[in-house]
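So the chains spell out like this:
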Amino acid sequence: MVFGRSERRRKSSVEPVTLKILVAGGFGVGKTTLVGAVSEIRPLRTEELLTEAGRPVDPTDGIEAKRTTTVAMDFGRISLRDDLVLYLFGTPGQDRFWFLWDELAQGALGAVVLADTRRLSDCFAAIDYFERRGISFTVAVNCFDGAKRYPPDAVRDALDLDPGVPVLLCDARERASAKDVLISVVQHALESGSDHRQPAAT
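Report follows, based on the coordinates. (Residues numbered from 1 in each chain as written. Predicted model: local features only at pLDDT ≥ 70, side-chain atom pairs only at ≥ 80, totals over all residues. Heavy atoms only, no water.)

What about the packing of helix α2 (residues 31–38) against helix α6 (residues 175–191)?
A pair of packed helices is characterised by two quantities: the angle between their axes and the separation of those axes. This is how the line gets drawn: For helices, the fitted line uses only the C-alpha atoms of the stretch in contact; every axis is such a line through C-alpha atoms, and the angle between N-to-C directions lies from 0 to 180 degrees. Strands are runs of DSSP state E lasting at least two residues, helices are runs of H or I lasting at least four, and both sets are numbered from the N terminus onward. The scheme is simple: roughly parallel for angles under 35 degrees, roughly antiparallel for over 145, roughly perpendicular for 65 to 115, oblique for anything else. Between two residues, a contact is recorded if the distance between any of their heavy atoms is within 4.5 Å. Each residue is assigned to one class: nonpolar for Ala, Val, Leu, Ile, Met, Phe, Trp, Tyr, Cys and Pro, charged for Asp, Glu, Lys and Arg, and polar for all the others, Gly among them.
Where α2 contacts α6, the axes come no closer than 8 Å and their chain directions differ by 100°. Regarding the angle of α2 to α6, the classification is roughly perpendicular. Two secondary-structure elements touch here, α2 through Leu34, Ala37 and Val38 and α6 through Arg175, Ala178, Lys179 and Leu182. Split by residue class, the contact of α2 with α6 holds 5 nonpolar, no polar and 2 charged.

Rendered as structure tokens:
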């Protein structure tokens, strides 16, 4: 598996399969960071600066260094193989932007639910959303500097996940780590027989 466009791919006449993956989770959990870490193109970001007026609805407890927030989506692309391309759509984390999720979820093969053990309840809504719609997902615990680390089984129990849902520890800043998460999403979605296997729209 490779990143980017290899010489072999440029010479290949085979049209790659394109799959759509969502990157979801609570406010400030690292969705934009993960998309940016793996994207082989310059990511499309729809970020706005946080303001004092917005602090009552966008609390930054535990993430005091955060200065911006996604207001629509993030978009990136990664080639897992010459014949397999993932389109990544990062969802906004705040409740007031959830009306966008239904549009973003159309045609998705699966999803990443990013979690922060300091604010684990923030990912409940994303988990509920994908469970209700039968969209396969992997939970990826973003290991922030200074945050206590828990084994995947402990996180699984805390989130009351089905046994088959993959739970991984990751660093959303690191390309290799984020790539492993995406591979897990694809493998889990295919193994679970997801009904959302249609190619992403181009």
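Still to come is the rest of the account.
As for the packing of aromatic side chains
We count it as follows: A pair of Phe, Tyr and Trp rings is counted when the ring centres sit within 6.5 Å of each other, with Trp represented by its six-membered ring. The angle between the planes then sorts it: under 30 degrees is stacked, over 60 is edge-to-face, the rest tilted. When accessible area is computed with a 1.4 Å probe and restricted to protein chains, residues below 20% of their type maximum are described as buried, those above 50% as exposed, and intermediate ones as partly exposed.
Applying the stated criterion to the full structure yields 6 aromatic pairs. Ring centres of Trp101 and Phe130 lie 6.1 Å apart, and the angle between their planes is 20°; this geometry places the pair in the stacked category. Remark: Phe130 occurs in helix α4 (residues 124–133) and Trp101 occurs in helix α3 (residues 101–105); sequence separation between them is 29 residues. One exposure class covers both Trp101 and Phe130, and it is buried. A centroid spacing of 6.3 Å and a plane angle of 35° characterise the contact between Phe130 and Phe137, whose relative ring orientation is tilted.

A few points about the pairing of strand β5 (residues 108–115)
Worth spelling out the cut-off: Pairs of strands are assigned from DSSP output, requiring at least two bridges between the strands. Place the viewer so that the strands point away; then a crossover is right-handed whenever the path from the first strand over the helix to the second strand goes clockwise.
Counting buried positions over the 8 residues of β5 gives 8, a clear majority of the element. One ladder, built from 6 bridges, connects strand β1 (residues 17–25) with β5; its direction is parallel. By the bridge assignment for β5, Ile21 is matched with Gly110. As paired elements, β5 and strand β6 (residues 136–142) share 6 bridges and run parallel to each other. Paired with Val113 across the two strands is Val139, which belongs to β6. Crossover connection from β5 via α4 to parallel β6: handedness right-handed.

Examining the nonpolar core
Short version of the rule: Nonpolar cores were defined as sets of buried Ala, Val, Leu, Ile, Met, Phe, Trp, Tyr and Cys residues, with membership established by side-chain atoms within 4.5 Å.
Counting residues in each nonpolar core, the largest one holds 28 residues, and the members touching the most others are Phe130, Phe137 and Val139. Counting only elements with at least two residues in this core, the list comes to β1, β4 (84–90), α3, β5, α4, β6 and α5 (152–159). Ile78, Leu80, Leu88 and Val112 belong to the second-largest nonpolar core, a separate cluster that totals 25 residues.

Regarding the pattern of salt bridges
Test applied: Throughout this description, the term salt bridge denotes a Lys or Arg side-chain nitrogen within 4 Å of a carboxyl oxygen of Asp or Glu.
Per the counting criterion, the structure on display carries 8 salt bridges. Its salt-bridge partner being Arg77, residue Glu40 comes within 3.0 Å of it at the nearest N-O pair. Taken together, the positions of Glu40 in the loop between α2 and β2 (44–49) and Arg77 in strand β3 (residues 68–81) put the pair 37 residues apart, joining distant regions of the chain. Exposure remark for Glu40: the relative accessible area of 23% places this residue in the partly exposed category. Judged by its relative accessible area of 18%, Arg77 falls in the buried class. One salt bridge connects Arg118 with Asp116, and the closest N-O pair in it is separated by 2.9 Å. Looking at Arg118, the relative accessible area reads 38%, which means it is partly exposed. Several salt bridges share partner residues, and in doing so they unite Asp116, Arg118, Arg119 and Asp122 into one network.

Digging into the pairing of β6
With respect to burial, β6 is a largely interior element, 7 of its 7 residues being buried. Alternating residues of β6 divide into Ser136, Thr138, Ala140 and Asn142 and Phe137, Val139 and Val141, and every residue in both groups is buried. Crossover handedness for the path β6 to α5 to strand β7 (residues 167–170): right-handed.

Observations regarding the state of the cysteines
Inclusion rule: By disulfide we mean two sulfur atoms from cysteines, separated by a distance within 2.5 Å.
Overall, the coordinates contain 0 disulfides when judged by the stated rule. Cysteine Cys143 remains unbridged, with the sulfur of Cys170 as its closest cysteine sulfur at 6.5 Å. Classification of Cys143 by relative accessible area gives buried; the value is 10%.

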